[in-house]
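Analysis of the macromolecular model
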Amino acid sequence: MQQEERAELVKKGILLLNPNEAVVLTLFYLEDQSIKEICKITGSSESNVKVQLFRGRKNLAHALKKLSNKELIGLT
């Protein structure tokens, strides 16, 4: 899979997440914000941001598996 295809798949996967998880993952990985900066932006506690990152990564992995399987069999 090419890098552009992977990036597009990740963007689709993020759209399938809980909005809070999507925001935290986007800020942390795509915008290179620190956990403390994310706390300021979202108004969440540091422990809450860490939990959202953990859950978001886990849920994103599941979403990406589903999306990649669909693409492999030509459903998307």
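Details of the structure are given in the entry above.
What comes next concerns the included structure. All values derive from a computational prediction rather than experimental measurement.

**Overview of the overall build of the chain**
For the chain, the count of helices and strands is four helices and zero strands. Across the chain, helices and strands are ordered from the amino to the carboxyl terminus as α-α-α-α. If one aligns the C-alpha atoms of the chain with their principal axes, the spans along those axes are about 40 × 20 × 15 Å. Out of the 76 residues in the chain, the part that is buried amounts to 25%. By sequence separation, contacts in the chain at least 24 residues apart represent 56% of the contacts at least 6 residues apart. About 5600 Å² of surface is accessible on the chain, with carbon and sulfur atoms providing 54% of the total. Where the 12 positive side-chain charges of the chain centre and where its 9 negative ones centre are 9 Å apart.

**Focus: the packing of aromatic side chains**
Geometrically, a pair of aromatic rings is defined through the distance of the ring centres and the angle of the planes. Evaluated as defined, the whole model comprises one aromatic pair. Ring plane angle 85° and centroid distance 4.9 Å describe the contact between Phe28 and Tyr29, whose orientation is recorded as edge-to-face.

**Considerations on the environment of Leu60**
When you line up the elements, Leu60 lands in helix α4 (residues 46–72). What makes Leu60 buried here is its relative accessible area of 14%. When the C-alpha positions of Leu60 and Lys50 are compared, they lie 15 Å apart, and in sequence the two are 10 residues distant. If near-sequence neighbours (up to four positions away) are discounted, Leu60 is found in contact with Val10, Gly13, Ile14, Leu17 and Leu25.

**Observations regarding unusual backbone geometry**
Of note, the phi angle at Asp32 is positive, near 55°, even though the residue is not glycine. Position of Asp32 relative to the elements: it lies in the loop between α2 (19–30) and α3 (35–42).

**A short note on the nonpolar core**
Ile14, Leu17, Ala22, Val24, Leu25, Leu27, Ile38, Cys39, Val49, Leu53 and Leu60 together form the largest nonpolar core, which totals 11 residues. Taken together, the elements giving at least two residues each to this core come down to α2, α3 and α4.

**Here's the deal with the packing of α2 against α3**
Where α2 contacts α3, the two axes come as close as 10 Å, and the packing angle between them is 135°. Relative to α3, the element α2 lies oblique. Judged by the sense of rotation from one axis to the other, the crossing of α2 with α3 is right-handed. Facing Val23, Val24, Leu27 and Phe28 of α2, the residues of α3 in contact are Ile35, Ile38, Ile41 and Thr42. Classifying every residue of the contact of α2 with α3 gives seven nonpolar, one polar and no charged.

Definitions and limits used
- By convention here, each chain's residues receive numbers from 1 onward along its written sequence.
- Totals for whole chains, interfaces and linings use every residue, but because this is a predicted model, local features are given only for residues with pLDDT of at least 70 and side-chain atom pairs only at 80 or more, for both listing and counting.
- Only hydrogens and water are removed before side-chain values are computed, so all heavy atoms of the structure are retained for them.
- Here a helix means four or more residues in a row that DSSP labels H or I, a strand means two or more in a row labelled E, and each is numbered from the N terminus.
- Relative accessibility under 20% of the residue-type maximum defines a buried residue, over 50% an exposed one, and the middle range a partly exposed one, all with a 1.4 Å probe and only protein chains included.
- We call two residues contacting when some pair of their heavy atoms lies within 4.5 Å.
- To be clear on the numbers: accessible area is Shrake-Rupley with a 1.4 Å probe, and residue cover counts the displayed protein chains and nothing else.
- This count recognises Lys and Arg as positive and Asp and Glu as negative, with His and chain-terminal groups excluded.
- Where a charge lies is defined by one atom per residue type, namely NZ (Lys), CZ (Arg), CG (Asp) and CD (Glu).
- Pairing of aromatic rings covers Phe, Tyr and Trp, the last counted by its six-membered ring, and requires centre-to-centre distances within 6.5 Å; plane angles under 30 degrees mean stacked, over 60 mean edge-to-face, and any other angle means tilted.
- As used in this record, nonpolar core signifies buried Ala, Val, Leu, Ile, Met, Phe, Trp, Tyr and Cys residues forming a set joined through side-chain atoms within 4.5 Å.
- Only the stretch in contact is used when fitting a helix axis, every axis being a line fitted to C-alpha atoms; angles between N-to-C directions are given from 0 to 180 degrees.
- Angles are sorted into four bins: roughly parallel if under 35 degrees, roughly antiparallel if over 145, roughly perpendicular if 65 to 115, and oblique for all others.
- Left-handed describes a crossing whose near helix is turned anticlockwise from the far helix by less than a right angle; the clockwise case is right-handed.
- Charged residues are taken to be Asp, Glu, Lys and Arg, nonpolar residues to be Ala, Val, Leu, Ile, Met, Phe, Trp, Tyr, Cys and Pro, and polar residues to be all remaining types, Gly included.

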